[in-house]
Amino acid sequence: MREALFVRQNSAKWKAYENTPASGPDELAERFVNITDDLAYSKTYYPESKTTLYLNGLASGFHQNIYKNRKEKSSRFITFWKTELPLLFKQYHRQILYSFAFFMVFFFIGLISAKYDNSFVRLILGDDYVNMTNENIVKGDPFGVFKDQNEYLMFWMIAKNNITVTAITFLMGIAFSVGTLFQLFKNGVMVGSFQYYFISKGLGAQSLLVIWIHGTLEISTIILAGAAGLIMGNSILFPKTYTRIVSLKKGALAI
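Predicted model, so just to flag it, every value in this text is computed and none were measured. (Residues numbered from 1 in each chain as written. Predicted model: local features only at pLDDT ≥ 70, side-chain atom pairs only at ≥ 80, totals over all residues. Heavy atoms only, no water.)

**Side note on the packing of helix α5 (residues 93-116) against helix α9 (residues 178-200)**
It is the contact of α5 with α9, at a shortest axis distance of 6 Å, that shows an interaxial angle of 45°. One finds that α5 runs oblique with respect to α9. Both α5 and α9 take part in a crossing whose hand is right-handed. Contact with α5, carried on its side by Ser99, Phe102, Phe103, Phe106, Phe107, Ile109, Gly110, Leu111, Ala114 and Lys115, involves Leu181, Leu184, Phe185, Asn187, Gly188, Val189, Val191, Gly192, Ser193, Gln195 and Tyr196 of α9 and no other residues of that element. Class assignment for the residues of the contact of α5 with α9 results in 13 nonpolar, seven polar and one charged. (Axes fitted to C-alpha atoms, helices over the stretch in contact; angles between N-to-C directions. Helix = DSSP H or I, 4+ residues; strand = E, 2+ residues; numbered from the N terminus. Parallel < 35°, antiparallel > 145°, perpendicular 65-115°, else oblique. Left-handed = near helix turned anticlockwise from the far one by under 90°. Contact = heavy atoms within 4.5 Å. Nonpolar A, V, L, I, M, F, W, Y, C, P; charged D, E, K, R; others polar.)

The structure is reproduced here in structure tokens:
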């Protein structure tokens with residue numbers, strides 16, 4: 001069937017669905033089934049047309065109306081951790097792998113740069129931090145910076161910093177994924193230079209325990225936030241049959 005004939009045969013129905021609210025949940029469900037049938041046909045025969053974009057928007061609207069007031073089961077918490085989260089990781093395993101790969105590349109850039117440029121660590125970590133850590137090393141307590149603060153205040157400062165870094169890494173994905181890559185670069189280089197700083201002081205093994213065990217959750221969170229940012233950024237770059245706005249919403253809500 002030609003697209004013009006397909007539109008002519010169904011346009012009145014679509015306009016009625018768009019402009020006239022459903023009388024009840026049964027009619028809403030029926031409309032949703034009809035629209036998804038038309039959308040499937042349109043995607044098959046006219047995948048790049050405006051008709052497909054239009055029907056996709058209608059179907060999305062019906063889907064939101066159907067599920068927005070759905071009551072969650074009491075077992076949803078268990079289902080989320082047992083089923084939904086693993087499936088989400090499986091669905092986006094490539095983006096998680098890319099985020100991890102980028103972070104590790106930037107980590108080694110920071111480590112190698114610190115090795116061959118004596119001023120690099122001070123450039124990244126700052127003179128005050130390096131001078132304070134040098135003093136702690138002389139005192140025999142190289143990681144004393146983590147003990148100087150009240151434990152509750154330190155917990156609050158670390159949590160606040162981690163949440164801020166995670167949110168920024170994710171939200172910067174809206175800049176076509178470039179913002180997220182920049183955040184991965186900045187944090188990867190910082191961790192790499194931080195690691196080499198202690199290696200250069202003969203504290204490599206001890207620093208591994210501090211950075212990679214103490215910081216397991218923090219670094220993992222940055223990598224996952226990077227994957228989420230890449231998903232959102234790619235939804236803008238590669239919208240498929242959706243408009244970029246609709247694709248952006250789907251990418252952001254899918255995470």
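**What about the pattern of salt bridges?**
According to the stated counting rule, one finds four salt bridges in the structure shown. The residue Glu18 makes a salt bridge to Lys15 at a minimum N-O spacing of 3.9 Å. Within this pair, Glu18 and its partner Lys15 are both found in helix α1 (residues 3-19), separated by three residues, close to a single helical turn. Between Arg31 and Glu27 there is a salt bridge, with its nearest N and O atoms 2.9 Å apart. With Arg31 and Glu27 both in helix α2 (residues 25-45), this residue pair falls four residues apart, about one helical turn. (Salt bridge = Lys/Arg side-chain N within 4 Å of Asp/Glu carboxyl O.)

**Topic: the side chain of Thr169**
For Thr169, the position within the fold is in helix α8 (residues 151-171). Residue Thr169 is classed as buried on the basis of its relative accessible area of 1%. Here the side chain of Thr169 touches Val165 through a polar contact of 2.7 Å, landing on its backbone oxygen. (Buried < 20%, exposed > 50% of the residue type's maximum accessible area, 1.4 Å probe, protein only. Polar contact = N/O pair within 3.5 Å; in protein donor to acceptor, adjacent residues only side chain to side chain.)

**Side note on the side chain of Arg31**
Classification of Arg31 as buried rests on a relative accessible area of 6%. For Arg31, the side chain forms a polar contact with the main-chain oxygen of Tyr17, separated by 3.5 Å. Setting aside anything within four residues of it in sequence, one finds Arg31 in contact with Ala16, Tyr17, Thr20, Pro21, Ala22 and Phe62.

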